[in-house]
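Summary of the model geometry
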Amino acid sequence: MARQSDTPYLDALRAYAARNPGRFHVPGHKGGLGADPALVEMVGERGLSLDVPALTYGIDVGDEPTPFREAQELAAAAWGARRTWWLVNGASQGNHVALLALGHRGHRVVTQRNAHSSTIDALIMSGLRPTFVSPELDPELHIAHCMTPDALDRALRETPEAVGATVVSPTYFGAVADVEGLVEVAHSHGVPLVVDEAWGAHLAFHEELPAPALTFGADLVVSSTHKVVGSLTQSAMIHLGDGGLIEEEVVDRCVTLVESTSPSSLLFGSLDAARRSAATRGRELVDETLRALARTRDAIREIPGLDVLDERLAGAPGVFAYDPLRLAIDVRGTRVSGYELARRLREDHDVLMELAGENVMVAVYGMGEDATAASERLVAGLRGAVEAASEAERDTDAVQFAPPPPWGELVMTPREAFLGPQEVVAARDAVGRVASESLAAYPPGIPNVLPGERLTAETLDYIEQTIAHGGSLRGASDRALRTLRVVVES
Ligand SMILES: Cc1ncc(COP(=O)(O)O)c(C=O)c1O
């Protein structure tokens, strides 16, 4: 039996390359022989020799358990899942899979309103009709936190035909939901809970971190392994819990539906290696990063006007716990916007943030990086950026963004609105029409409009005002909101 210190899939790739077989199959670079020198320089001869197609005997077909199967079983054991699937199109693919799987149970679903765009795309793919639940809004930071169990309960009562619910935890900013409470509510209504844990692949590996969703009985968990745990970009996993409310065969079928028939062995191999690292050294690596981040938080707090989010956030509405591996910087005290500070960091210090908003900037740390060295650069850059900000950039009357008005009535499914007949109209003529695209004004980034919803004057005014106050619009085909795509109703 393979152990967590093994890498069965990677070993099978290596054994294949070492044998130097006649490669009369794709990819056409033939293990690197036919590759452009720039490609050889980029990936390395070794990497190219390991780039093999799916259905290669001795790797993912042949005697059972194949190395492919064994390696995914190790991943399931490492994360505590009944079964784990590797994904090559990110956690985005995981969300597609999750909603397609729920679509096997019926037609209605409860979904967190500010779900990742891949969840909205998955509503379009699956044809599910959503009942949206608002996350809790932070009135000071102007960011969205998590969905509460009470809000989920209300939505499930309102939607007795719902066949499942999807929530996000942790958020981009490190807020962790009361997943135990959410699972309890979902199960009391007899439906599975899907947790988009894209930002939480590391949670299983240190006791000081909030516990991961699978430990509370979540039914399906989407995990973006590349984000923090360190596999190659685009590689991710989906984990099936023990609840038995979602069939394993259904998930398997949905993974195949949204996967290339040529998944990358390099992405898969990187998942095998990242799993080994997390399972065998995760605690030690996270420990080091946590200590370094505690020092980094102290150093950032010493910069005039800067503060950091931390476990003090726990207990705020929609925040059950806080992920200390996330560094979210509250810039309000500088009276300079996060957008402006991020621009200065980039232009003057070549320091790039993961996310910048009006009040908060987010820096991502990987599980195993040298966080102390990385932080020195970040702290020096932040100090420089704050000192260099001119008086003109310091907006003494910080703009107050009003909370968004209620979203419009859903008159058709997102799928019907996205795929049905549509036209582009001037924004002023769009009131009363049904949107066929999404509009999300930042801050706080909760979609104001999703495909299938009736557009209201109040919402369009709100978006216009947010843009006029320096906010931005995501999802729209015209980001200045001069025009938008609407459904042609017969
Ligand atoms: C909550 C959430 N879910 C899913 C995704 C998609 O992840 P990926 O980029 O791995 O497809 C993201 C990406 O940022 C995310 O923030």
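Residues numbered from 1 in each chain as written. Predicted model: local features only at pLDDT ≥ 70, side-chain atom pairs only at ≥ 80, totals over all residues. Heavy atoms only, no water.

1. Some remarks on the overall build of the protein
- In terms of regular secondary structure, the protein is built from 14 helices and 19 strands.
- Expected size for 490 residues packed as a compact globule is a radius of gyration near 23 Å; at 23 Å, the protein falls within 12% of this value.
- Judged by the C-alpha coordinates and their principal axes, the protein covers about 65 × 60 × 45 Å.
- Within the protein, buried positions represent 55% of all 490 residues.
- If you take every contact in the protein between residues at least 6 apart in sequence, the share linking residues at least 24 apart comes to 72%.
- Summed over all atoms, the accessible surface of the protein reaches about 21000 Å², with 51% contributed by carbon and sulfur.
- Taking the average place of the 43 positive charges on the side chains of the protein and the average place of its 69 negative ones, the gap between the two points comes to 3 Å. (Helix = DSSP H or I, 4+ residues; strand = E, 2+ residues; numbered from the N terminus. Rg over C-alpha atoms; globule rule 2.2 N^0.38 Å. Buried < 20%, exposed > 50% of the residue type's maximum accessible area, 1.4 Å probe, protein only. Contact = heavy atoms within 4.5 Å. Areas by Shrake-Rupley, 256 points an atom, 1.4 Å probe, with all protein chains shown as cover. Lys, Arg positive; Asp, Glu negative; His and termini not counted. Charge placed at Lys NZ, Arg CZ, Asp CG, Glu CD.)

2. Some points on the sheet that holds strand 1 (residues 83-87)
- Read from one edge to the other, the open sheet built from 7 strands follows the order 1-10-9-8-6-2-3, with strand pairing classed as mixed. Among the strands making up the open sheet, the edge pair consists of strand 1 and strand 3 (129-133). Ignoring strand direction, the axes of neighbouring strands in this sheet form an average angle of 20 degrees.
- One ladder, built from 3 bridges, connects strand 2 (residues 108-112) with strand 6 (residues 162-168); its direction is parallel. Looking at strand 6, one finds that R108 is bridged to A162.
- Across the sheet, helix 3 (residues 67-79) lies against strand 1 and strand 10 (236-240), angled at about 115 degrees from strand 1, the strand it touches most. (Pairing = 2+ DSSP bridges. Axes fitted to C-alpha atoms, helices over the stretch in contact; angles between N-to-C directions.)

3. Details of the side chain of H96
- When you line up the elements, H96 lands in helix 4 (residues 90-102).
- Residue classification places H96 among the buried positions, given a relative accessible area of 10%.
- Setting aside anything within four residues of it in sequence, one finds H96 in contact with S118, D121, A122, M125 and V258.

4. Digging into the site of the ligand
- Taken together, G90, A91, S92, N95, H116, V168, D196, A198, W199, S224, H226 and K227 make up all the residues around the ligand.
- A91 places a main-chain nitrogen or oxygen 2.9 Å from an oxygen atom of the ligand.
- W199 is positioned with one of its side-chain polar atoms (N or O) 2.9 Å from an oxygen atom of the ligand.
- Here the ligand has 390 Å² of accessible area as a free molecule, and 86% of this is covered by the chains.
- Of all the secondary structure elements, the ones that give two or more residues to the shell around the ligand are helix 4 and helix 8 (225-228).
- Looking at the shell around the ligand, the element that brings in the most residues is helix 4, giving 4 residues.
- Here the shell around the ligand is built from residues that sort into 4 nonpolar, 6 polar and 2 charged. (Near = heavy atom within 4 Å. Polar contact = N/O pair within 3.5 Å; in protein donor to acceptor, adjacent residues only side chain to side chain. Nonpolar A, V, L, I, M, F, W, Y, C, P; charged D, E, K, R; others polar.)

5. Remarks on helix 2 (residues 37-49)
- Its 13 residues give helix 2 an end-to-end C-alpha distance of only 14 Å, which falls more than 12% under 18 Å, the value for a rise of 1.5 Å per residue.
- Contact partners of the buried residues in helix 2: helix 1 (8-19) and helix 10 (265-301).
- Looking at where helix 2 begins, the residue whose side-chain oxygen comes 2.8 Å from the main-chain nitrogen of A38 is D36. (Expected span 1.5 Å × (residues − 1).)

6. Observations concerning the pattern of salt bridges
- Taken as a whole and judged by the stated rule, the model has 26 salt bridges.
- Connected through shared salt-bridge partners, E207, E208, R283, D287 and R291 make up one network. (Salt bridge = Lys/Arg side-chain N within 4 Å of Asp/Glu carboxyl O.)

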